[in-house]
Amino acid sequence: MMHNEEKDILSKVLEFHGHSCPGVAIGVRAADIATDKLISPRAMDEELLAIVENDSCSVDAIQVITGCTFGKGNLIFKDHGKNVYTFVNRDSGKALRLSLNIAIDEIDPDFAQVRTKAFAGEASHEEQKEFNERKDAIFDKIMNLPADELFKIEYVDVDIPEKARIFGSVKCSKCGELVAEHRARVENNCFVCIPCFDDYSRN
């Protein structure tokens, strides 16, 4: 049973994400394990870094619980399509890697079929009800699985990225839009943004 503080945090996660789903549960569990093993949530700010290897619902939960965001430069996205989450405490240098052990379809092999119909808007009233019930049951299962059953949990060595820096902006000589100077490209001795440079390089 969750304590009031845990219920409040989960409520904030669901408000931010917009709905309850298995992906959110995975993110909640990952963030809870990381903050428990690496740092006190009350002391968090930019000293905690999250490296996520997917852009699923789980990442919303991680942002809310850990405070790691793109804006602060302590949320790094690697487009690997893997349910892998690495958390780093910059102060201690400790890094914790969590890799999901069990797929949602392993928890409920029939969920994929009802999910496909629901997402396509083709589910009947009864099928939509079944989808919601199965979704909630998977959510509860993930929230209550032992941590080491849900994830492979290991301390790892990582090269810790430096904290986010603030860069100046330059104007793209083609489209006229501002671009961070460290992301600008040079074409014919002029600064250009990446999209304009990509157009040039394909010609």
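Criteria and thresholds
Residues numbered from 1 in each chain as written. Predicted model: local features only at pLDDT ≥ 70, side-chain atom pairs only at ≥ 80, totals over all residues. Heavy atoms only, no water. Axes fitted to C-alpha atoms, helices over the stretch in contact; angles between N-to-C directions. Helix = DSSP H or I, 4+ residues; strand = E, 2+ residues; numbered from the N terminus. Parallel < 35°, antiparallel > 145°, perpendicular 65-115°, else oblique. Contact = heavy atoms within 4.5 Å. Nonpolar A, V, L, I, M, F, W, Y, C, P; charged D, E, K, R; others polar. Buried < 20%, exposed > 50% of the residue type's maximum accessible area, 1.4 Å probe, protein only. Core = buried A, V, L, I, M, F, W, Y, C linked by side-chain atoms within 4.5 Å. Expected span 1.5 Å × (residues − 1). Arc of directions from axis to C-beta. Phe/Tyr/Trp six-rings, centres within 6.5 Å; stacked < 30°, edge-to-face > 60°.

1. Observations concerning the packing of helix α2 (residues 22-38) against helix α6 (residues 125-144)
In the contact formed by α2 and α6, the axes pass within 8 Å of each other and the chain directions differ by 10°. One element, α2, and the other, α6, form an angle in the roughly parallel class. Each of P22, V24, A25, I26, V28 and R29 in α2 lies in contact with α6, whose residues at this interface are K135, I138, F139, I142, M143 and N144. Considering only residue class, the contact of α2 with α6 consists of nine nonpolar, one polar and two charged.

2. Brief notes about the environment of K37
Relative to the helices and strands, K37 resides in helix α2. Its relative accessible area of 39% is what places K37 among the partly exposed residues. The spatial distance from the C-alpha of K37 to the C-alpha of N89 is 10.0 Å, given a sequence separation of 52 residues. In contact with K37, not counting residues within four places along its chain, are L96, I153 and Y155.

3. Examining the nonpolar core
Judged by nonpolar contacts, the single largest core of 38 residues is most densely connected at V24, V28, I62, Y85, F87, L98 and F151. Residue assignment for this core shows that the elements contributing at least two residues are α1 (4-17), α2, β1 (48-52), α3 (58-66), β3 (84-89), β4 (95-100), α5 (111-119) and α6. The biggest single contributor to this core is α2, with nine residues. Residues contacting V28, with those up to four places away along its chain left out, are L10, V13, A61, I65 and M143.

4. Points about α6
An ideal rise of 1.5 Å per residue puts 28 Å on 20 residues; α6 measures up with 29 Å between its terminal C-alpha atoms. For α6, the set of buried residues is F131, K135, I138, F139, I142 and M143. Projected down its long axis, α6 carries its buried residues within an arc of 135°, all on one side. Of the residues in α6, the exposed ones pointing more than 90 degrees away from the buried face are H125, E126 and N144.

5. Things to note about the packing of aromatic side chains
Within this structure, the stated rule accounts for two aromatic pairs. Residues F111 and F131 carry aromatic rings whose centres are separated by 5.6 Å and whose planes lie at 10° to one another, so their mutual orientation is stacked. Taken together, the positions of F111 in helix α5 and F131 in helix α6 put the pair 20 residues apart, joining distant regions of the chain. For F111, a relative accessible area of 3% gives the class buried. Taking 5.8 Å as the distance between ring centres and 75° as the angle between the ring planes, the aromatic pair formed by F119 and F131 counts as edge-to-face. Here F131 lies in helix α6 and F119 lies in helix α5, a separation of twelve residues in the sequence. Through a chain of ring-to-ring contacts, the aromatic side chains of F111, F119 and F131 assemble into a single cluster.

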